[in-house]
Amino acid sequence: MMQTTMDLTGVEKRFGGVHALDGLSLGIGPGVTGLLGPNGAGKTTMMRIAATVLAPDGGTVRLLDRDPTDADDRVEIRRRLGYLPQEPGFYQRFTAFEFVDYVAILKEMSDRRLRHEEVRRVLDLAGLGDVASRQVKALSGGMRRRLAFAQALLRDPELLLLDEPTAGLDPEQRLRFRELVSNLPNRPTVVLSTHVTEDITALCERVIVIAGGVVRFDGTPGTLAATADGRVWIADAADPRATLSWRMGDGRHRHIGDPPADAETAAATIDDAYLLMVGEVRVGQEVAA
Amino acid sequence: MSWHVQAPTIDAYVSGRIDETAAFSVEAHVLACSQCREALSIRADTDRHERIWAGVREGIERPRERAAERLLRAMGVRNDLARLLATTPMLRGSWVVAVALTLAFAVIASRAAGGDPLPFLALAPLVPLAGITAAFGRPADPAWELELSTPTGGFTLMLIRSTAVLAVSVLLAGIAATALPHAGWEAAAWLLPALGLTVVTLAATSTRLSTVTAAATVGCGWLVLVVVTDRLTDRPLAAFGPGAQLAFAAMTAAAAVILQARHTAVERPTRI
Amino acid sequence: MNRYGIEMRQGGMSGVSGPTATDQEMVAAVREGDAAALRALYDRHGTWLAIRLARRCADPAIVEEVVQDTFLAVWRGAARYRGEGEVAAWIWGIAIRRLIDRLRTRRQTAELPERPDLEPSAEELVLLGIEHGDLASAMGRLSPELRAVIQATALDGLTTREAAHLLGIPPGTVKTRLMRARRELREALA
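Reading the values: the criteria
Residues numbered from 1 in each chain as written. Chains lettered and ligands numbered in written order. Predicted model: local features only at pLDDT ≥ 70, side-chain atom pairs only at ≥ 80, totals over all residues. Heavy atoms only, no water. Helix = DSSP H or I, 4+ residues; strand = E, 2+ residues; numbered from the N terminus. Buried < 20%, exposed > 50% of the residue type's maximum accessible area, 1.4 Å probe, protein only. Contact = heavy atoms within 4.5 Å. Pairing = 2+ DSSP bridges. Axes fitted to C-alpha atoms, helices over the stretch in contact; angles between N-to-C directions. Core = buried A, V, L, I, M, F, W, Y, C linked by side-chain atoms within 4.5 Å. Patch = residues over 30% accessible without salt bridge, like charges linked within 9 Å, V, L, I, M, F, W, Y side chains within 5 Å. Areas by Shrake-Rupley, 256 points an atom, 1.4 Å probe, with all protein chains shown as cover. Salt bridge = Lys/Arg side-chain N within 4 Å of Asp/Glu carboxyl O. Parallel < 35°, antiparallel > 145°, perpendicular 65-115°, else oblique. Nonpolar A, V, L, I, M, F, W, Y, C, P; charged D, E, K, R; others polar. Buried area = accessible area lost by both parts, 1.4 Å probe. Polar contact = N/O pair within 3.5 Å; in protein donor to acceptor, adjacent residues only side chain to side chain. pLDDT = per-residue confidence, 0-100. Expected span 1.5 Å × (residues − 1).

**Notes on the side chain of Thr21 of chain B**
Inference 1: The residue Thr21 of chain B is located in helix H2 (residues 20–30) in this model.
Inference 2: The class of Thr21 of chain B is buried, set by a relative accessible area of 6%.
Inference 3: With sequence-adjacent residues up to four places away left out, Thr21 of chain B is seen in contact with Ala136, Met139, Gly140 and Arg147 of chain C.

Structure representation (structure tokens):
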């Protein structure tokens, strides 16, 4: 039985009257796991709880075989944790190097020489070696996200939580990111919350769909796509009977839902399956998490 | 450039086995000829070249130290703690100048009021509160979420930054207090209130209140207390007398206990 | 290649690390904070600088330190280069003064490396003759200490006092040796 790194059981979180997480249960172990779900569906809330920065209102959380409600355990968890928040904030006047160095200090690297070597290592990994001495305010949005990713890699964490890591990155940078994540040493537990389905198909052995505060799907990317088998079709014009339809580049229309008998079916992708799944779930008002 | 140094001469120059006058010629020429510089670069000692570059790179990337950080390290503070203290947000020149001006204004007000130290004594404890609002917490600290996920980025960081704010505030106020007329015990009567209000504010921030709200509430409460005791009792400076000082000491201790008890709430908030 | 075998293409911010950029363009890029441009500048100028400094100071550790400090100074002071003259000459000016400062603060003199007692080869003489004519052979006939002051002042561009610091002799001696050197050269070229 594989040891799970992250165990959530019946986790609840309310904001105002809305349940961001409504009895969420899952267990994640080593390897790369993708998290899909609409904005406001509780993904970021779940990531925050996993990163120990937010306490749930109910349920139990177990991380790296420790209890985050216990002060000593929590410190131990944080020592082995790397977190890339959805909206990372920076001190604008710090250089890239200074920022990562600051986080490295907070991660208890007190030896200056070793710390600087580690900072340089993660900056190089994230492709920011040339701009290490550039101030954050002079960095582009994509560079800042890579900077936030670099700090998450400090000290080779056992549990790596990445919330929208490829947002704002161009295709080449996304490719480098994927290469990096798939080559991390010691097989850490990586949880990737993303909207980019190529990240899922390229990286994830497992994908979890969270919608309406609970898990809607938990399996391989292939199995996810298969849930939409036979439920995707293409027509020249938009068919109102579909659950969802959209116009494609060639002018025809792709539909998901229950196809009519004579429909020209198409192979289902993860996007199709995901849209079908969340389209059928009533999601509450946008949660300000 | 019509003339270039020939390969044998280059080799001789690099190896040092060259006539001095010829060396002069090579050096004067190289200063103006990129092709011959290139010829020299090809014969470079790569290890030394990279070694020197590693030093240059370290020099340009090294985190910039403020004077405060250097001072702390000179005093024996460990490099990481010194950096956390010295890089507390808001502890920059502009804030220090603003505080110094405010305190100067308070001193002038005291002198103008015939030596009545009340304006200064009322204002000085508010200085660290203002610093606290900008030192950590949601709106002021952009990296709060990331920091909270680190081993020392929660409670410990809050204490470190608060210490820095308090230390600088006390230093500035202490200097300003020496300019008070008839400075006797009054010159230090603001110290305990400053400490007390700061700890109470910290304890208040461990609830759902934002740092700004907590500091503003505590600050206003303080001003009300000072004004009330000044106007409505026949003992001016009652808020600073020996009894009051004892009360502040007790309040500080109580707030510190509460703050420690709220450790978890600070480290892993229910509301963010 | 980093340890994951991923090739990190570190292109410069402003694209001036390519082989076609001029020195002036590179300095301008460094002024904008482009670290790749500094590296490119270092690749072009680091070697000749190290060799030339080593001919004025025998201690390789000092030479390395000075080269490193020079390029750090280039990084911080790129704004001060106003495009007059060669970048190489500007860099040399920074470096030689750094060397002098370094020797002064540590109260050392530049122990000049031992020079082999060489005659210029016939080839070198021919080439030098093309460039510098009789001056080269006249210089060759000066004594080493006279040549040293000529090198420090005329070639390295130092003032009398700076030359004095570098060579470890009093400024008065520098002046008298210069006068003698000039007189001997005048006589030799007459």
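From this point on, the discussion continues.
**What to know about the sheet that holds strand S12 (residues 253–256) of chain A**
Neighbouring strands of a sheet are bound in pairs by backbone hydrogen bonds; such pairs are parallel or else antiparallel.
Residue and element names in this part refer to chain A.
Inference 1: As summarised here, the arrangement of the four strands in space is S11-S12-S10-S13, forming an open sheet in which the pairing is antiparallel. The strands lining the two open edges of the sheet, one partner per strand, are strand S11 (244–247) and strand S13 (264–265).
Inference 2: As paired elements, strand S10 (residues 232–235) and S13 share two bridges and run antiparallel to each other. Bridge assignment links Trp233 to a residue of S13, and that residue is Thr265.
Inference 3: Most of the contacts of helix H9 (residues 270–279) go to S12, to which it runs at about 50 degrees, and overall it touches S10, S11 and S12.

**Topic: the nonpolar core**
Side chains that are nonpolar tend, in soluble globular proteins, to be buried together.
Inference 1: With 104 residues, the main nonpolar core has Phe99, Leu123, Leu147, Leu162 and Leu224 of chain A together with Phe120 and Phe240 of chain B as its most contacted residues.
Inference 2: It is helix H3 (residues 96–106) of chain A that provides the largest number of residues to this core, a total of nine residues.
Inference 3: Setting aside residues no more than four positions away along its own chain, Phe99 of chain A makes contact with Gly89, Phe90, Tyr91, Phe94, Leu147 and Gln151 of chain A together with Ala143 and Leu146 of chain B.
Inference 4: With 74 residues, the next largest nonpolar core counts Val5 and Ala22 of chain B together with Ala88 and Ile169 of chain C among its residues.

**Points about unusual backbone geometry**
Residues and elements named next belong to chain A.
Inference 1: In this model, Glu108 sits at a positive phi of 70 degrees, which is unusual for a non-glycine residue.
Inference 2: For Glu108, the position within the fold is in the loop between H3 and helix H4 (112–125).
Inference 3: The exposure class of Glu108 is partly exposed, given its relative accessible area of 28%.
Inference 4: Positive phi is not limited to glycine here, since Asp156 has a value of about 45 degrees.
Inference 5: In this structure, Asp156 sits in the loop between helix H5 (141–152) and strand S6 (159–163).

**As for the environment of Thr22 of chain C**
Inference 1: Tracing the chain through its elements places Thr22 of chain C in the segment before helix H1 (23–31).
Inference 2: A sequence separation of 121 residues divides Thr22 of chain C from Ser143 of chain C, and the C-alpha atoms of the two residues are 40 Å apart.

**A closer look at a nonpolar patch on the surface**
Residue and element names in this part refer to chain B.
Inference 1: Taken together, the side chains of Val224, Val228 and Leu232 define a hydrophobic patch exposed on the protein surface, amounting to about 300 Å² of accessible area.
Inference 2: Along the chain, the position of Val224 falls in helix H13 (residues 211–232).
Inference 3: Look at Val224 and you get exposed, because its relative accessible area is 52%.

**A closer look at the packing of H2 of chain B against helix H7 (residues 144–155) of chain C**
Inference 1: Remark: H2 of chain B packs on H7 of chain C, axes separated minimally by 12 Å, with the N-to-C direction vectors making an angle of 5 degrees. Considering the angle they form, H2 of chain B stands roughly parallel to H7 of chain C. For the pair formed by H2 of chain B and H7 of chain C, the contact residues are Glu20, Thr21, Phe24, Glu27 and Ala28 of chain B on the first element and Arg147, Ile150, Gln151 and Leu155 of chain C on the second.
Inference 2: When its residues are assigned to classes, the contact of H2 of chain B with H7 of chain C shows four nonpolar, two polar and three charged.

**Here we look at the sheet that holds strand S9 (residues 214–219) of chain A**
Residue and element names in this part refer to chain A.
Inference 1: As summarised here, the arrangement of the six strands in space is S5-S6-S7-S3-S8-S9, forming an open sheet in which the pairing is mixed. Bordering the open sheet on either side are strand S5 (81–84) and S9, each of which pairs with just one other strand. Ignoring strand direction, the axes of neighbouring strands in this sheet form an average angle of 15 degrees.
Inference 2: Its contacts with the sheet place helix H1 (residues 43–50) against strand S3 (31–36), S5, S6, strand S7 (189–193) and strand S8 (206–211), and it is angled at close to 150 degrees to S6.
Inference 3: The strands that H9 touches are S3, S8 and S9; relative to S8, the one it contacts most, it runs at about 30 degrees.

**Some thoughts on the pairing of S5 of chain A**
Residues and elements named next belong to chain A.
Inference 1: Residues of S5 alternate between two faces, with Leu81 and Tyr83 on one and Gly82 and Leu84 on the opposite face, all of them buried.
Inference 2: Here four bridges tie S5 to S6, and the two strands are oriented parallel to one another. In the strand pairing of S6, Tyr83 is matched with Leu161.

**Let's talk about the interface of chain A and chain B**
Inference 1: Contact residues are listed per partner, giving 47 residues for chain A and 40 residues for chain B.
Inference 2: When chain A packs against chain B, close to 4000 Å² is buried across both sides, 53% of that on carbon and sulfur atoms.
Inference 3: It is Arg78, Tyr91 and Leu106 of chain A in chain A that bury the most area against chain B; as a group they hold 17% of the surface buried on that side.
Inference 4: A salt bridge links Arg64 of chain B to Glu98 of chain A, with the shortest nitrogen-to-oxygen separation between them at 2.7 Å.
Inference 5: In this assembly, chain A and chain B are joined by 17 residue pairs in polar contact (both at pLDDT 80 or more).
Inference 6: Per-element accounting of the side of chain A that touches chain B gives the leading share, eight residues, to H3 of chain A.
Inference 7: Of the residues assigned to the side of chain A that touches chain B, the class counts are 21 nonpolar, 10 polar and 16 charged.

**Some thoughts on the environment of Asp199 of chain A**
All names here are of chain A.
Inference 1: The residue Asp199 is located in helix H7 (residues 197–203) in this model.
Inference 2: Assessed through its relative accessible area of 0%, Asp199 is described here as buried.
Inference 3: Through-space distance from the C-alpha of Asp199 to that of Arg178 is 7.2 Å; in sequence the pair is 21 residues apart.
Inference 4: Excluding its chain neighbours within four sequence positions, the residues that come into contact with Asp199 are Thr166, Arg174, Arg178, Leu192, Thr194 and Cys204.

**A short note on H2 of chain B**
Residue and element names in this part refer to chain B.
Inference 1: Burial within H2 is extensive, with 10 of its 11 residues counted as buried.
Inference 2: Restricting attention to buried positions, one finds in H2 the residues Glu20, Thr21, Ala22, Ala23, Phe24, Ser25, Val26, Glu27, His29 and Val30.
Inference 3: In this structure Asp19 caps H2, since a side-chain oxygen of it lies 3.1 Å from the backbone nitrogen of Thr21.

**Considerations on the confidence of the model for chain C**
Residues and elements named next belong to chain C.
Inference 1: Chain-level statistics for chain C give a pLDDT mean of 80 and a share of 75% at 70 or above.
Inference 2: Per-element averaging of pLDDT across chain C places helix H5 (residues 122–132) at the bottom with 54 and helix H3 (residues 60–77) at the top with 96.
Inference 3: Note that pLDDT drops below 50 for residues 1–14; the model gives that stretch 35 contacts with residues more than four away or on any other chain.
Inference 4: Reported confidences for the modelled complex are a pTM of 0.86 and an ipTM of 0.89.

**Thoughts on the pattern of salt bridges**
Residue and element names in this part refer to chain A.
Inference 1: Counted according to the given criterion, the structure contains 53 salt bridges over all chains.
Inference 2: A salt bridge links Asp57 to Lys13, with the shortest nitrogen-to-oxygen separation between them at 3.2 Å. A residue pair is termed long-range when its members are at least 10 positions apart, and Asp57 in the loop between H1 and strand S4 (58–63) and Lys13 in strand S1 (residues 6–15) qualify at 44 residues.
Inference 3: A relative accessible area of 0% places Lys13 in the buried class.
Inference 4: Taken together, the salt bridges that share partners define one network made up of Glu76, Arg79, Arg80, Glu108 and Glu158.

**Description of H5 of chain A**
Spacing of three or four residues puts side chains on the same side of an α-helix, whose turn is 3.6 residues.
Inference 1: Between its first and last C-alpha, H5 of chain A extends 17 Å over 12 residues, near the 16 Å set by a 1.5 Å rise per residue.
Inference 2: Buried residues dominate H5 of chain A, accounting for 10 of its 12 residues.
Inference 3: Along H5 of chain A, the residues that are buried comprise Gly142, Met143, Arg145, Arg146, Leu147, Ala148, Phe149, Ala150, Gln151 and Ala152 of chain A.
Inference 4: Where H5 of chain A is buried, its residues touch S5, H3, H4, S6 and helix H6 (171–182) of chain A together with helix H10 (144–148) of chain B.

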